[in-house]
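# Secondary and tertiary structure notes
Here is how the chains run, residue by residue.
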Amino acid sequence: QVQLVESGGGLAQPGGSLRLSCAASGFAFSRYAMSWARQAPGKGLEWVSGIYSDGSHTTYADSVKGRFTISRDNAKNTLYLQMNSLKPEDTALYYCAKATTAIATTDFIEYNYWGQGTQVTVSS
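Every value quoted in this text rests on a predicted model; they were computed, and no experiment measured them.

## Details of the overall build of the protein
- Helix and strand counts for the protein stand at zero helices and eleven strands.
- Ordering the α and β elements of the protein from the N terminus gives β-β-β-β-β-β-β-β-β-β-β.
- Its C-alpha radius of gyration of 13 Å places the protein within 12% of the 14 Å reference for a compact globule of 124 residues.
- Considered along the principal axes of its C-alpha atoms, the protein spans approximately 40 × 25 × 25 Å.
- Considering only contacts in the protein between residues 6 or more positions apart, those separated by 24 or more positions represent 58%.
- For the protein, the accessible surface area stands at approximately 6000 Å², while carbon and sulfur atoms represent 48% of it.
- With 10 positive and 9 negative side-chain charges, the protein shows a spacing of 4 Å between the two charge centroids.

Here it is in structure tokens:
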């Protein structure tokens, strides 16, 4: 069965960095786009970043553009999110999600599997 397992979350200081990973199994990872989304306390789910199945194209929410970098290693079936210059408003539960096609979109209806999330807290 499809499994997505996030890791790498934790506590970081403002201006610091964290690298999230999402280990995928149970499907042909290299054939599907992937995305990261997050949910802050008391707020709705926010799409953060997406990457095409072959890694050729990446997209970012304006709130993270220039600070976060999404990447994938199809040989290792793993998705990454490098987060730099972290801000307190980046505090959230971060999820990785598998798309239904090779193209990443910002529409959550296009994603059919989600991980359990990893907590990121940015605080001094």
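## Digging into the state of the cysteines
- For the structure on display, the rule yields one disulfide.
- Residue pairing for C22: its cysteine sulfur links by disulfide to C96, the two sulfurs lying 2.0 Å apart. For the disulfide bridge between C22 and C96, the dihedral angle about the S-S bond is near 55°, and by the sign convention the bridge is right-handed. Of this pair, C22 sits in strand 3 (residues 18-25) while C96 is found in strand 9 (residues 92-99), placing the two residues 74 residues apart along the sequence. The pair C22 / C96 is uniform in exposure class, with both members buried.

## Quick word on the nonpolar core
- The biggest cluster of nonpolar side chains holds 34 residues, and the ones touching the most others in it are M34, W36, F68, L79, L81, M83 and Y94.
- At the level of elements, strand 3, strand 4 (34-39), strand 5 (45-51), strand 7 (68-73), strand 8 (78-83), strand 9 and strand 11 (118-122) are the ones that each hand at least two residues to this core.
- When residues in this core are grouped by element, the largest group, five residues, is from strand 9.

## Points about unusual backbone geometry
- One non-glycine residue, N77, adopts positive backbone phi at about 55°.
- For N77, the position within the fold is in the loop between strand 7 and strand 8.
- Backbone geometry at S85 places phi at a positive 50°, although glycine is not the residue there.
- Looking at the secondary structure, you find S85 in the loop between strand 8 and strand 9.

The rules behind the values
- Residues numbered from 1 in each chain as written.
- Predicted model: local features only at pLDDT ≥ 70, side-chain atom pairs only at ≥ 80, totals over all residues.
- Heavy atoms only, no water.
- Helix = DSSP H or I, 4+ residues; strand = E, 2+ residues; numbered from the N terminus.
- Rg over C-alpha atoms; globule rule 2.2 N^0.38 Å.
- Contact = heavy atoms within 4.5 Å.
- Areas by Shrake-Rupley, 256 points an atom, 1.4 Å probe, with all protein chains shown as cover.
- Lys, Arg positive; Asp, Glu negative; His and termini not counted.
- Charge placed at Lys NZ, Arg CZ, Asp CG, Glu CD.
- Disulfide = S-S within 2.5 Å.
- Buried < 20%, exposed > 50% of the residue type's maximum accessible area, 1.4 Å probe, protein only.
- Core = buried A, V, L, I, M, F, W, Y, C linked by side-chain atoms within 4.5 Å.

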